[in-house]
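Examination of the molecular architecture
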Amino acid sequence: MALLSSIRQPTAAETAERTPKLVGAAWALLILNTLGSTGAQTVIPLPRAVSQLVTMGALMLAFVMALALNPRLKLRPSAYLLLLTLLLVTSVVASLHLEAGFGSLFRCFRFAVFIATLWLLTRWWNGSFTFVRHHIRMFYGVLVSVAIGLVIAPGKAMPDVYGGRLSGAVWPLTPPQVGQYAAVISGLAALLWLGKRTTATSALVIIVPSLGLLLLTHTRTATLGLVAGLVVALLSLATTNARARKVFTTFVLVAGFAAVALAGLLQAWFLRGQSEENFSSLTGRAKVWDALLAAPRTINEYIFGVGLTDKSYDGLPIDNSWLAVYHEQGFTGIAIVAAFLLVLVAVAVLRPPSLARACAIFLITYCISASYTEAGLGDASPYLLHLALAATLLAQGTVKDTEDEFIPKGQPV
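Residues numbered from 1 in each chain as written. Predicted model: local features only at pLDDT ≥ 70, side-chain atom pairs only at ≥ 80, totals over all residues. Heavy atoms only, no water.

The helix and strand tally for the protein chain stands at 19 helices and two strands. Across the protein chain, contacts joining residues at least 24 apart in sequence account for 77% of those joining residues at least 6 apart. Put simply, the protein chain shows about 18600 Å² of open surface, and 71% of that area lies on carbon and sulfur atoms. (Helix = DSSP H or I, 4+ residues; strand = E, 2+ residues; numbered from the N terminus. Contact = heavy atoms within 4.5 Å. Areas by Shrake-Rupley, 256 points an atom, 1.4 Å probe, with all protein chains shown as cover.)

Here you go:
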């Protein structure tokens with residue numbers, strides 16, 4: 001009884017401000033919207049129109065849900081979302097010329113609803129780990145569907161068209177997408193365990209299968225992003241967290257040993273059976289980039305771009321966030337994207353060392369490193385959601401009780 005009486009109970013006002021469970025549902029729907037709907041063969045053929053209806057329906061439902069939860073439009077200031085809104089305005093200005101067709105205006109509408117939903121959810125951006133858990137759980141569910149597809153239809157899950165790399169056979173997901181989701185949630189789960197915010201068992205249940213799927217995707221971008229993100233995040237904790245220093249030292253020793261003892265296997269995994277020429281051209285990406293940069297453009301296209309597209313040029317994927325933004329939103333878009341990344345980095349640097357800051361740094365580092373070979377910083381995408389998650393972690397808490405204060409630190413993810 002004495003122990004129970006010593007635990008501070010939340011006041012009625014504080015309890016009213018706790019994050020509603022439906023906020024997690026809205027966040028999950030935003031993730032569903034960004035999964036994409038093309039790129040892989042599924043067990044049950046899924047018409048593109050049906051998959052687009054599901055993803056767009058998820059976005060509209062997320063917006064309606066967020067609006068119902070926040071009818072008085074209580075918004076928190078966010079430099080990240082403010083710059084993202086400015087990027088939307090630039091996208092609309094560029095898309096009005098219809099150089100990319102009417103589809104660009106539809107993409108602008110989708111982008112607008114995406115940003116509006118994030119604005120509505122800012123009411124609960126208080127620096128807690130609530131959104132981190134929703135992020136991990138939803139993407140883990142997506143990876144479970146990938147694993148199910150691998151079990152029931154291995155031929156479709158690892159098709160020859162992708163060189164035997166793992167893709168989604170239940171929902172159409174490309175190997176880079178699967179690799180991205182696996183890398184992000186395994187990194188976040190590792191950091192939560194490091195900060196004693198989850199149990200070792202829960203962390204292992206997430207990390208081990210996710211890393212296994214990551215290896216099967218042979219995705220170099222996700223792997224390097226995971227390593228870079230964890231290194232920078234651990235360094236941010238090293239000065240104040242003895243456990244982080246031990247983990248970082250162990251990480252460096254294991255990585256050094258693996259680099260020497262498993263050099264041949266690592267090289268074979270990274271090459272994926274490609275020739276040196278194909279590898280040096282980043283699987284043909286460099287040719288698309290050169291063609292894009294060499295194409296003639298008007299002054300207006302240099303400044304504002306051609307409007308939102310499907311992130312391709314001449315029928316081939318651009319696979320570079322900066323060049324995709326240059327193509328769609330011009331130099332104005334590049335300046336805005338650079339600005340919101342710099343804002344997030346600056347805020348993270350100025351925050352005192354903490355687990356929340358380390359998780360935000362991991363996400364920011366991952367997105368920056370992946371931007372070189374993946375598109376997604378200029379339109380509604382998982383990358384913008386990762387950065388939004390970082391913004392929630394860097395937000396200054398305005399409520400005294402967060403979800404974490406009333407749940408034991410060693411809770412499952």
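After that view, the rundown keeps rolling.
It is the contact of helix α4 (residues 48-69) with helix α6 (residues 103-121), at a shortest axis distance of 9 Å, that shows an interaxial angle of 35°. Considering how the two elements wind past one another, α4 and α6 form a crossing that is left-handed. Residues M56, L59, M60, A62, F63, A66 and L67 of α4 touch α6, and the partners they reach there are F106, F109, R110, V113, F114, A116, T117, L120 and L121. Residue classes in the contact of α4 with α6 are distributed as 14 nonpolar, one polar and one charged. (Axes fitted to C-alpha atoms, helices over the stretch in contact; angles between N-to-C directions. Left-handed = near helix turned anticlockwise from the far one by under 90°. Nonpolar A, V, L, I, M, F, W, Y, C, P; charged D, E, K, R; others polar.)

This part covers the pattern of salt bridges. Here the structure, examined in full by the defined rule, presents four salt bridges. Measuring nitrogen to oxygen at the nearest pair gives 4.0 Å for the salt bridge that ties E374 to R285. Of this pair, E374 sits in the loop between α18 (355-370) and α19 (382-394) while R285 sits in helix α15 (residues 285-294), placing them 89 residues apart in sequence. Using a relative accessible area of 15% as the deciding quantity, one classes R285 as buried. (Salt bridge = Lys/Arg side-chain N within 4 Å of Asp/Glu carboxyl O. Buried < 20%, exposed > 50% of the residue type's maximum accessible area, 1.4 Å probe, protein only.)

This next bit is on unusual backbone geometry. Trans peptide bonds make up the majority, and among non-glycine residues the majority have a negative phi. A positive phi angle, near 55°, is found at L73, a position not held by glycine. Position of L73 relative to the elements: it lies in the loop between α4 and α5 (79-95). Owing to a relative accessible area of 48%, L73 belongs among the partly exposed residues under this scheme. Here the phi dihedral of H218 falls at roughly 55°; this positive angle occurs in a residue that is not glycine. You can see H218 is positioned in the loop between α10 (200-217) and α11 (220-238).

This paragraph deals with the packing of aromatic side chains. Under the counting rule described, the total for this entry stands at seven aromatic pairs. Seen in terms of ring centroids, Y80 and F340 are 5.3 Å apart; in terms of plane orientation they differ by 90°. Their pairing is edge-to-face. On the criterion of sequence distance, the pair formed by Y80 in helix α5 and F340 in helix α17 (residues 321-350) is long-range, its members being 260 residues apart. We classify F340 as buried; its relative accessible area is 0%. Taken together, a centroid distance of 5.3 Å and an interplanar angle of 65° make the contact between W289 and Y372 edge-to-face. A residue pair is termed long-range when its members are at least 10 positions apart, and W289 in helix α15 and Y372 in the loop between α18 and α19 qualify at 83 residues. Ring pairing ties together the aromatic residues Y302, Y326 and F331, which thus form one cluster. (Phe/Tyr/Trp six-rings, centres within 6.5 Å; stacked < 30°, edge-to-face > 60°.)

Take the nonpolar core next. Formed by 101 residues in total, the largest nonpolar core has its most connected members in W27, Y80, F111, F114, F340 and L387. Considering every element that reaches this core, the biggest residue donor is α18, with twelve residues. The contacts of Y80, once residues within four sequence positions are left out, are F340, L344, L384, L387, A388 and A391. Counting five residues, the second largest nonpolar core, distinct from the first, contains W289, L292, I318 and L323. (Core = buried A, V, L, I, M, F, W, Y, C linked by side-chain atoms within 4.5 Å.)

This brings us to α6. A rise of 1.5 Å per residue sets the reference length of α6, with its 19 residues, at 27 Å; its end C-alpha atoms lie 27 Å apart and thus fit the reference within 8%. The complete set of buried residues in α6 reads S104, C108, R110, F111, V113, F114, I115, T117, L118, W119, L120 and L121. Among the structural elements, α3 (21-33), α4, α5, α7 (130-152) and α19 are those in contact with the buried residues of α6. (Expected span 1.5 Å × (residues − 1).)

It is worth spelling out α19 at this point. The end-to-end C-alpha distance of α19, which contains 13 residues, comes to 18 Å, matching closely the 18 Å that a straight helix rising 1.5 Å per residue would cover. Of all 13 residues in α19, 13 are buried, a share of seventy percent or more.

Closest axis-to-axis distance for the helix α9 (residues 175-194)/α18 pair is 10 Å, and the angle between their directions is 160°. Considering the angle they form, α9 stands roughly antiparallel to α18. The two elements α9 and α18 cross, and the hand of that crossing is right-handed. Here Q180, A183, V184, G187, L188, L191 and L192 of α9 come into contact with α18, specifically with L355, A358, C359, F362, L363 and Y366. Of the residues contributing to the contact of α9 with α18, the split by class is eleven nonpolar, two polar and no charged. (Parallel < 35°, antiparallel > 145°, perpendicular 65-115°, else oblique.)

Right, let's get into the environment of T239. As for its position among the elements, T239 is in the loop between α11 and α12 (242-261). For the pair T239 and P353, spaced 114 residues apart in sequence, the C-alpha separation works out to 8.1 Å. Residues contacting T239, with those up to four places away along its chain left out, are R245 and P353.

What follows deals with the side chain of S312. Mapped onto the elements, S312 comes out in strand β1 (residues 312-313). Taking the relative accessible area as the measure of exposure, S312 reaches 18% and is therefore buried. When near neighbours in sequence (up to four residues on either side) are disregarded, S312 contacts P317, I318 and H327.

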